[in-house]
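Architecture at a glance
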Amino acid sequence: MGWWLARTLGVLFLVLLGAVCGAFVGSVLQKFSAVGPLIGALFGSLLALTLALLRDAWRGQALMNWLRGPLTTPAPRDSGFWGEMAYRVEKALRVRELGTQRESERLAQFLSAIEASPNGVMLLDSGDQIEWCNSVAAEHFGLDPERDRRQRVTNLVRSPAFVAHLQGGRFEEPVEFAGPLGRSSLSVLVRPYGDGLRLVLSQDITARERTEAMRRDFVANVSHEIRTPLTVLAGFVETLTQLPLSEPERQRVLQLMGQQAERMQALVGDLLTLARLEGSPRPAPDRWYRMGEVMQQARRDAEGLSAGRHTISSEGGEDVEVAGSDAELYSAVANLLNNAVRYTPEGGLIHLRWVWRDDGGGEIEVQDTGIGIAREHLSRLTERFYRVDGSRSRDTGGTGLGLSIVKHVAQRHGGEIEVSSEPGKGSCFRLVLPALRVRRVREVLAA
Ligand code: ADP
């Protein structure tokens, strides 16, 4: 049965009831007045109809009041037409609310996925106003994701390259420019979408640029290092071919040529060592080598280099085993001793020793009484081609790569290199190895 029929029948029933009651009252009052059952019935039905309408209007008003409100409270509970109406409205609202909630959850999920992106993402409307940006983009462009929303991006990101790119409308290639405060470099790609909207993707390329600059510097340095002895060699070749030299002069020139060739050989050797260290996997942590043997070999070689000009001593290391590569460790210790010999004047002392550390690790220490190094150079010593005194380094056959090699070896064994030095008094270089990579030989025998 439809609501209209039920409702009409309900009202008719009330009117009928009112008429019956009115007729009864009219017949009782007939004895005392002119009101008869007919008038009573008419009056009763009118009264019932009025009451039904009033009740209806009151219920309708209650629903209207609820609808006008914030809709946070439950709908007025009622039976009948208005009750059903309230229930239906409330249900429809709840279904809509659920849909909206699901939509906003999906949007939040989507935005948090973009938020997690390592790249900056910014959405611009057709007037270049910021619709939304993730925190990476905010950091890249120096924006506040909340405060700067609906602001014109070109008012906030003022880099001329960026503004010109955005206004130029040619977005095939990314544009590169300095980030806010000029501390970083950004690569920005703009992609148009929708109706005049734009997606701006940004990437911090500071590290990439730095690596690129380092690569350029490295190539320039290597070229320079090779060009110098090559120029000298070319000069000598010219001298030999064009000048009639006496035998002693010829011998001298050949000796100098040999020195330049050795210099180039040493440089290429160190470059190859560095390339090997950078391009190969870390040495295995379970291949153990006797540290004592490595130290003794390096010491013998240093004595050969010193040719009796220094007193070279060593201490400890016989009962130590190190996990990793003995060739790399030898190369590191030999480099440190080689430096000690080259930067310590004749008669100086050089001491090589193994020291256990409190944390279970150990260090190979090379101490000398040489020329020492001023404090401001210490942090840069392990940079490739960094030299405190370029001519002394070159004159003594240095390549400027020795300490870079030592640093790489230390890092590949999980360790580091420490330096303390005082000009005029001497230097102390320590190759520190972690506990995981060192053990005592007697522990092995006992095991
Ligand atoms: P180089 O081949 O020039 O010795 P290294 O990388 O081995 O290159 O060393 C970098 C610089 O550190 C050297 O040029 C030198 O100035 C300084 N240096 C290294 N070891 C010592 C030392 N034992 N005493 C004084 N200076 C040192």
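**Things to note about the site of the ligand**
Taken together, the neighbourhood of the ligand is formed by 22 residues, with Asn339, Tyr343, Ser393, Gly400 and Leu403 sitting nearest. Here an oxygen atom of the ligand and a backbone polar atom of Thr399 are 2.9 Å apart. Within the backbone of Leu403, a nitrogen or oxygen atom sits 2.8 Å from an oxygen atom of the ligand. A total of 520 Å² of accessible area belongs to the ligand in isolation, and the protein chains cover 98% of it. Mapped by element, the contributors of at least two residues to the shell around the ligand are α10 (326-342), α13 (402-412) and β12 (426-433).

**Let's talk about the sheet that holds strand β11 (residues 416-422)**
Spatially, β7-β9-β10-β12-β11 is the arrangement adopted by the 5 strands of the open sheet, whose pairing is mixed. Edge positions in the sheet fall to β7 (311-315) and β11, since each of these pairs with one other strand and no more. When strand polarity is set aside, the average angle formed by the axes of neighbouring strands in this sheet is 15°. Lying over the sheet, helix α9 (residues 291-306) contacts β7, β9 (349-356) and β10 (362-368), oriented at roughly 180° with respect to β7.

**Side note on the packing of helix α1 (residues 3-29) against helix α2 (residues 37-68)**
Closest axis-to-axis distance for the α1/α2 pair is 6 Å, and the angle between their directions is 140°. Regarding α1 and α2, the two cross each other, and that crossing is right-handed. Contacts between α1 and α2 involve Arg7, Val11, Leu14, Val15, Gly18, Ala19, Gly22, Ala23, Gly26 and Ser27 from the first element and Pro37, Gly40, Ala41, Gly44, Ser45, Ala48, Leu49, Ala52 and Asp56 from the second. Among the residues making up the contact of α1 with α2, the classes are represented as 10 nonpolar, 7 polar and 2 charged.

**A look at the environment of Arg183**
Turning to its location among the elements, Arg183 is positioned in the loop between β3 (175-178) and β4 (185-193). For Arg183, a relative accessible area of 65% puts it in the exposed group. Considered as a pair, Arg183 and Ala48 are 135 residues apart in the sequence and their alpha carbons are 85 Å apart.

**Focus: the sheet that holds strand β2 (residues 130-133)**
Sheet architecture is open: 5 strands sit in the order β2-β1-β5-β4-β3, paired in antiparallel fashion. Two strands bound the open sheet, and with one partner strand each, they are β2 and β3. Strand-to-strand, the axes of this sheet are offset by a mean angle of 25°, without reference to chain direction. Bridge analysis of strand β1 (residues 120-124) against strand β5 (residues 197-204) gives 5 bridges, and the strand direction is antiparallel. Of the residues in β5, the one forming a bridge with Val121 is Leu201. Of the strands in this sheet, β1, β3, β4 and β5 are in contact with helix α6 (residues 160-168), which crosses β3 at around 155°.

**Overview of α13**
What sets the pattern is the α-helix's 3.6 residues per turn: residues three or four places apart point alike. In terms of residue burial, α13 counts as a mostly covered element, since 9 of its 11 residues are buried. Along α13, the residues classified as buried are Gly402, Leu403, Ser404, Ile405, Val406, His408, Val409, Ala410 and Arg412. Among the structural elements, α8 (247-279), α10, β11 and β12 are those in contact with the buried residues of α13. After α13 finishes, the residue Gly414 shows a positive phi value of roughly 75°.

**Structural notes on the nonpolar core**
Counting residues in each nonpolar core, the largest one holds 40 residues, and the members touching the most others are Met291, Val322, Val333, Leu337, Trp354 and Ile364. Elements that contribute at least two residues to this core include exactly α8, α9, β8 (320-323), α10, β9, β10, α13 and β12. Each of two domains, domain 3 (216-279) and domain 4 (288-446), supplies a minimum of three residues to this core. When residues no more than four places from it in sequence are discounted, the contact partners of Ile364 are Met291, Val333, Leu352, Arg353, Trp354, Phe429, Arg430, Leu431 and Leu433. If you look at the next biggest cluster of nonpolar residues, it comprises 19 residues, including Phe141, Leu166, Val175 and Phe177.

**What about helix α3 (residues 80-115)?**
Taking 1.5 Å as the rise per residue, α3 with 36 residues should run 52 Å; its terminal C-alpha atoms sit 51 Å apart, in good agreement. Buried positions along α3 lie against α2, β1 and β2.

**Focus: the pairing of β11**
Where β11 lies against β12, 7 bridges are found, and the strand directions are antiparallel. Its bridge partner lying in β12, Glu422 is registered against Gly426. Between β11 and β12, which follow one another and run antiparallel, lie 3 residues, and Gly424 among them has a positive phi close to 85°.

**Re the pattern of salt bridges**
Across all of its chains, the model carries 29 salt bridges by this definition. Arg299 is paired through a salt bridge with Glu303; the nearest N and O atoms lie 3.2 Å apart. Of this pair, Arg299 and Glu303 both sit in helix α9, separated by 4 residues, roughly a single helical turn. For Arg299, a relative accessible area of 22% corresponds to the partly exposed category. Glu365 serves as the salt-bridge partner of Arg430, at 3.9 Å between the closest nitrogen and oxygen. Here the residue Arg430 occupies a position in strand β12, and Glu365 occupies one in strand β10, the gap between them amounting to 65 residues. Through salt bridges that share partners, Arg353, Arg357, Glu363, Glu365, Glu418 and Arg430 make up one connected network.

Each value, and the rule that gives it
- Residues numbered from 1 in each chain as written.
- Predicted model: local features only at pLDDT ≥ 70, side-chain atom pairs only at ≥ 80, totals over all residues.
- Heavy atoms only, no water.
- Near = heavy atom within 4 Å.
- Polar contact = N/O pair within 3.5 Å; in protein donor to acceptor, adjacent residues only side chain to side chain.
- Areas by Shrake-Rupley, 256 points an atom, 1.4 Å probe, with all protein chains shown as cover.
- Helix = DSSP H or I, 4+ residues; strand = E, 2+ residues; numbered from the N terminus.
- Pairing = 2+ DSSP bridges.
- Axes fitted to C-alpha atoms, helices over the stretch in contact; angles between N-to-C directions.
- Contact = heavy atoms within 4.5 Å.
- Left-handed = near helix turned anticlockwise from the far one by under 90°.
- Nonpolar A, V, L, I, M, F, W, Y, C, P; charged D, E, K, R; others polar.
- Buried < 20%, exposed > 50% of the residue type's maximum accessible area, 1.4 Å probe, protein only.
- Core = buried A, V, L, I, M, F, W, Y, C linked by side-chain atoms within 4.5 Å.
- Domains from an automatic or database assignment.
- Expected span 1.5 Å × (residues − 1).
- Salt bridge = Lys/Arg side-chain N within 4 Å of Asp/Glu carboxyl O.

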